[in-house]
Amino acid sequence: YVDEASVICIACTAKGNKYLKELTGEHGLDTVVLEIAKANPLVDLLLVAEDTYIPIYGTSVIDIDSMYDAIIRTYVDEFESPDDAPSRDILISAITEGYIGIQKVIWDETV
């Protein structure tokens, strides 16, 4: 059941959450951060990864290509435009810095 009801998702790590918190201070996400996100694709990616499930479907291999495809698909589904998606280099930077990782999400549709 768990394998059928689960998916690997791109997620914001604890380090990524800490980085976002440093930008927002104790006030949480606000207009200032949204303005920063418009100008900084890394911040935009972290905000999306923090607030949205970014599932990596249909692959037994998780690599940069499958992760980037998942990000593009999420931007199309959520924002109707892949043009706003960060570049592959931004994804690589986020992974290298430890801001982005993966997590297994179990969907419980009985709730």
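Note that this is a predicted model, so its numbers are computed, not measured.

Attention now moves to the overall build of the protein chain. A count of helical and extended segments in the protein chain gives five helices and three strands. N-terminal to C-terminal, the α/β element order of the protein chain is β-α-α-α-β-α-α-β. Across the protein chain, the fraction of contacts at a sequence separation of at least 24, relative to all contacts at a separation of at least 6, is 66%. Element-wise, carbon and sulfur atoms account for 51% of the exposed surface of the protein chain, whose accessible area totals about 6900 Å².

What follows covers the sheet that holds strand E1 (residues 6-12). The sheet built from three strands is open, its strands ordered E2-E1-E3 with antiparallel pairing. With partners counted over all chains shown, the strands left at the sheet margins are strand E2 (54-56) and strand E3 (100-106), one partner each. Averaged over all pairs of adjacent strands, the angle between their axes in this sheet comes to 40°, without regard to strand direction. The pairing of E1 with E2 spans three bridges and is classified as antiparallel. Within E2, the residue paired with Cys9 across the bridge is Pro55. Helix H3 (residues 41-51) contacts E1, E2 and E3 of the sheet and is inclined by roughly 140° relative to E1.

Another aspect to go through is the layout of surface pockets. Where empty space is left becomes clear once a probe the size of a water molecule has been rolled over the atoms. Size it by volume and the largest pocket reaches roughly 320 Å³. Ala37, Asp44, Val48, Tyr75 and Phe79 are the residues nearest the centre of the largest pocket, which is lined by 16 residues in total. Going through the elements one at a time, helix H2 (31-39), H3 and helix H4 (64-79) are the ones with two or more residues in the lining of the largest pocket. The element contributing the most residues to the lining of the largest pocket is H3, with five residues. A class-by-class count of the residues in the lining of the largest pocket yields 10 nonpolar, one polar and five charged.

This part takes up the packing of aromatic side chains. The final tally for this structure, using the stated rule, is two aromatic pairs. On the basis of an interplanar angle of 20° and a centroid distance of 4.9 Å, the ring pair of Tyr19 and Tyr99 is categorised as stacked. Of this pair, Tyr19 sits in helix H1 (residues 14-24) while Tyr99 sits in the loop between helix H5 (88-96) and E3; the two residues are 80 residues apart in sequence, bridging distant segments of the chain. Relative accessible area serves as the criterion here: at 21%, Tyr19 is assigned to the partly exposed category. Among the residues examined, Tyr99 registers a relative accessible area of 11% and is labelled buried. Note on Tyr75 and Phe79: the rings are 5.2 Å apart at their centroids and 55° apart in plane angle, and the pair reads as tilted. Of this pair, Tyr75 and Phe79 both sit in helix H4, four residues apart, which is roughly one turn of the helix.

Basis of the calculations
Residues numbered from 1 in each chain as written. Predicted model: local features only at pLDDT ≥ 70, side-chain atom pairs only at ≥ 80, totals over all residues. Heavy atoms only, no water. Helix = DSSP H or I, 4+ residues; strand = E, 2+ residues; numbered from the N terminus. Contact = heavy atoms within 4.5 Å. Areas by Shrake-Rupley, 256 points an atom, 1.4 Å probe, with all protein chains shown as cover. Pairing = 2+ DSSP bridges. Axes fitted to C-alpha atoms, helices over the stretch in contact; angles between N-to-C directions. 1 Å grid on protein atoms, 1.4 Å probe; cavity = no way out; pocket = protein on both sides within 12 Å on 5 of 7 lines; lining within 4 Å. Points joined across faces, edges and corners; volume = space filled by probe spheres on them. Nonpolar A, V, L, I, M, F, W, Y, C, P; charged D, E, K, R; others polar. Phe/Tyr/Trp six-rings, centres within 6.5 Å; stacked < 30°, edge-to-face > 60°. Buried < 20%, exposed > 50% of the residue type's maximum accessible area, 1.4 Å probe, protein only.

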